[in-house]
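One-letter residues, chain by chain:
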Amino acid sequence: MLIMVGLIFIGPAGIARQSEDPAKLIAEMEQAVGNWDDLYALNDVQFDYNYEYPGQGTKDLSVEKYVFEGEKSWAKYAVHQINVAPNTPGEVIQYYDGTGAKVSQAGKELTDEASVGLAVFLRKANYFWFVMNFKLRDPGTVHKYLGDESVDDVKYDKISIGYESAVTGKPENDAYIIFINKETKLIDRFFFSLPAMGVKQPVILMEVDYTEYEGLKLPTTRRAYMPDPKTGKLSASPSIVQTSTNLKFNNGFTDEDMKM
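These numbers come from a predicted model, not from an experiment.

1. Focus on the overall build of the chain
Piece 1. Counting its regular elements, the chain contains 4 helices and 13 strands.
Piece 2. Compactness check: the chain gives a C-alpha radius of gyration of 18 Å against a globular reference of 18 Å for 260 residues, within 12% of the reference.
Piece 3. Dimensions of the chain along its principal axes, counting C-alpha atoms only, are 55 × 45 × 40 Å.
Piece 4. For the chain, the residues scored as buried account for 47% of the 260 residues in total.
Piece 5. The long-range share in the chain, meaning contacts at least 24 apart out of those at least 6 apart in sequence, stands at 51%.
Piece 6. A total of about 12700 Å² of accessible surface is found on the chain, and carbon and sulfur atoms cover 51% of it.
Piece 7. Averaged over its 27 positive side-chain charges, the chain has a centre that lies 3 Å from the centre of its 37 negative ones.

2. Focus: the confidence of the model for the chain
Piece 1. Across the chain, the average pLDDT comes to 90, with 93% of residues at or above 70.
Piece 2. Throughout residues 1-17 the model reports pLDDT below 50, and contacts reaching past four residues in sequence, or to other chains, amount to 47 contacts.

3. Section: helix α3 (residues 113-131)
Piece 1. In a regular helix each residue adds 1.5 Å, so 19 residues correspond to 27 Å; α3 covers 27 Å between its end C-alpha atoms and thus fits that length.
Piece 2. All buried positions along α3 are accounted for by Ser 115, Leu 118, Ala 119, Leu 122, Arg 123, Ala 125, Asn 126, Tyr 127, Phe 128, Trp 129, Phe 130 and Val 131.

4. Details of the environment of Ile 204
Piece 1. Residue placement: Ile 204 occurs in strand β11 (residues 199-213).
Piece 2. In the structure, Ile 204 is positioned 139 residues away from Lys 65 in sequence and 26 Å away in space, judged by C-alpha atoms.

5. Observations regarding the environment of Glu 64
Piece 1. Following the sequence through the fold, Glu 64 ends up in strand β2 (residues 58-67).
Piece 2. A relative accessible area of 0% means that Glu 64 is categorised as buried.
Piece 3. It is 5.5 Å that separates the C-alpha atoms of Glu 64 and Gln 46, two residues lying 18 residues apart in sequence.
Piece 4. Those residues in contact with Glu 64 that sit more than four places away from it in its chain are Val 45, Gln 46, Phe 47, Tyr 49, Trp 74, Ala 75, Tyr 77, Arg 123 and Asn 126.

6. Thoughts on the nonpolar core
Piece 1. Formed by 46 residues in total, the largest nonpolar core has its most connected members in Phe 130, Tyr 176, Ile 178 and Phe 190.
Piece 2. Setting aside residues up to four positions removed in sequence, Phe 190 forms contacts with Trp 129, Met 132, Tyr 176, Ile 177, Ile 178, Phe 179, Ile 204, Leu 205, Met 206 and Val 208.
Piece 3. Counting 10 residues, the second-largest nonpolar core is a separate cluster that includes Tyr 77, Tyr 96, Leu 118 and Leu 122.

7. Observations regarding the packing of aromatic side chains
Piece 1. One pass over the full model with this rule turns up 18 aromatic pairs.
Piece 2. With a centroid separation of 5.6 Å and 75° between ring planes, the pair formed by Tyr 66 and Tyr 127 is classed as edge-to-face. Placement of the pair is Tyr 66 in strand β2 and Tyr 127 in helix α3, with a sequence separation of 61 residues. With respect to class, Tyr 66 is no different from Tyr 127; both count as buried.
Piece 3. Consider the rings of Phe 190 and Phe 192, whose centres lie 5.9 Å apart with planes at 55°: the pair is tilted.

8. Points about the pattern of salt bridges
Piece 1. The full count for this structure, using the stated rule, is 13 salt bridges.
Piece 2. Between Asp 255 and Lys 72 there is a salt bridge; the shortest N-O distance is 2.8 Å. Taken together, the positions of Asp 255 in the segment after β13 (240-249) and Lys 72 in strand β3 (residues 72-80) put the pair 183 residues apart, joining distant regions of the chain.
Piece 3. For Asp 255, a relative accessible area of 48% gives the class partly exposed.
Piece 4. Its salt-bridge partner being Lys 135, residue Asp 138 comes within 3.0 Å of it at the nearest N-O pair.
Piece 5. In this structure Asp 138 comes out as partly exposed when scored by relative accessible area, which is 26%.

9. Things to note about helix α1 (residues 22-33)
Piece 1. An ideal rise of 1.5 Å per residue puts 16 Å on 12 residues; α1 measures up with 17 Å between its terminal C-alpha atoms.
Piece 2. Within α1, burial applies to Pro 22, Leu 25, Ile 26, Met 29, Glu 30, Ala 32 and Val 33. Down the axis of α1, the smallest arc covering the buried residues is 160°, so these residues share one side.
Piece 3. Turning to α1, the residues buried within the fold contact β7 (141-151), β8 (154-163), β9 (176-181), β10 (187-194), β11 and β12 (216-225).
Piece 4. Where α1 begins, the capping side chain belongs to Asp 21, and its oxygen is found 3.1 Å from the backbone nitrogen of Ala 23.

What counts, and where the lines are drawn
- Residues numbered from 1 in each chain as written.
- Predicted model: local features only at pLDDT ≥ 70, side-chain atom pairs only at ≥ 80, totals over all residues.
- Heavy atoms only, no water.
- Helix = DSSP H or I, 4+ residues; strand = E, 2+ residues; numbered from the N terminus.
- Rg over C-alpha atoms; globule rule 2.2 N^0.38 Å.
- Buried < 20%, exposed > 50% of the residue type's maximum accessible area, 1.4 Å probe, protein only.
- Contact = heavy atoms within 4.5 Å.
- Areas by Shrake-Rupley, 256 points an atom, 1.4 Å probe, with all protein chains shown as cover.
- Lys, Arg positive; Asp, Glu negative; His and termini not counted.
- Charge placed at Lys NZ, Arg CZ, Asp CG, Glu CD.
- pLDDT = per-residue confidence, 0-100.
- Expected span 1.5 Å × (residues − 1).
- Core = buried A, V, L, I, M, F, W, Y, C linked by side-chain atoms within 4.5 Å.
- Phe/Tyr/Trp six-rings, centres within 6.5 Å; stacked < 30°, edge-to-face > 60°.
- Salt bridge = Lys/Arg side-chain N within 4 Å of Asp/Glu carboxyl O.
- Arc of directions from axis to C-beta.
- Polar contact = N/O pair within 3.5 Å; in protein donor to acceptor, adjacent residues only side chain to side chain.

Right under this line is the structure:
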């Protein structure tokens, strides 16, 4: 399990202005990636998911299934060497039905708090990563424009994303700093926190590549860069690479298809 505590965030320089409407910029981004109604109309998705530590030969390989109605999330892990039951034998299946999770390994249901809690976390997190660009104006989100900045000669608008605990019901919420490409309107990169793993501030950098499907631009490759716990300097090469392939929509998944 990825656990990082006490990270220092050294923020990039170059902020130029503070007057843009963040909600308007996010709405423009949503139009650039496609319409949520169009994605929702596809009902569900299945894809192969590779979560890998580059150069280390370790990975989690899963088949992911999501049903947009009810935000249901299912996965079957044929290889699990990082986050999911590492170094233990047997295929792992996780299922979150929108309210709670179940998990099995080698055909046996696991009911211990750690296994079920991890299933809840990963099922909700993986689903969110897939639909994130359509969820940044959900009720309870708080936006603040942080100015514009150039990274490798690309100009971005920066926006912080937070959440109201009174709405989410969580004592600690994720936080993001998104970079919206001024030309394409896509989120090419963002910083995020991971409070469940002890990372309280948005200090982990994620870079995103997109694949187009029927007018929708979907995030199919993500590269995460971890900061050094002492200096805050980001790693030169990706610490984690997440790749989604073989996307298939409108599969007609039922609860029976997503059981353990």
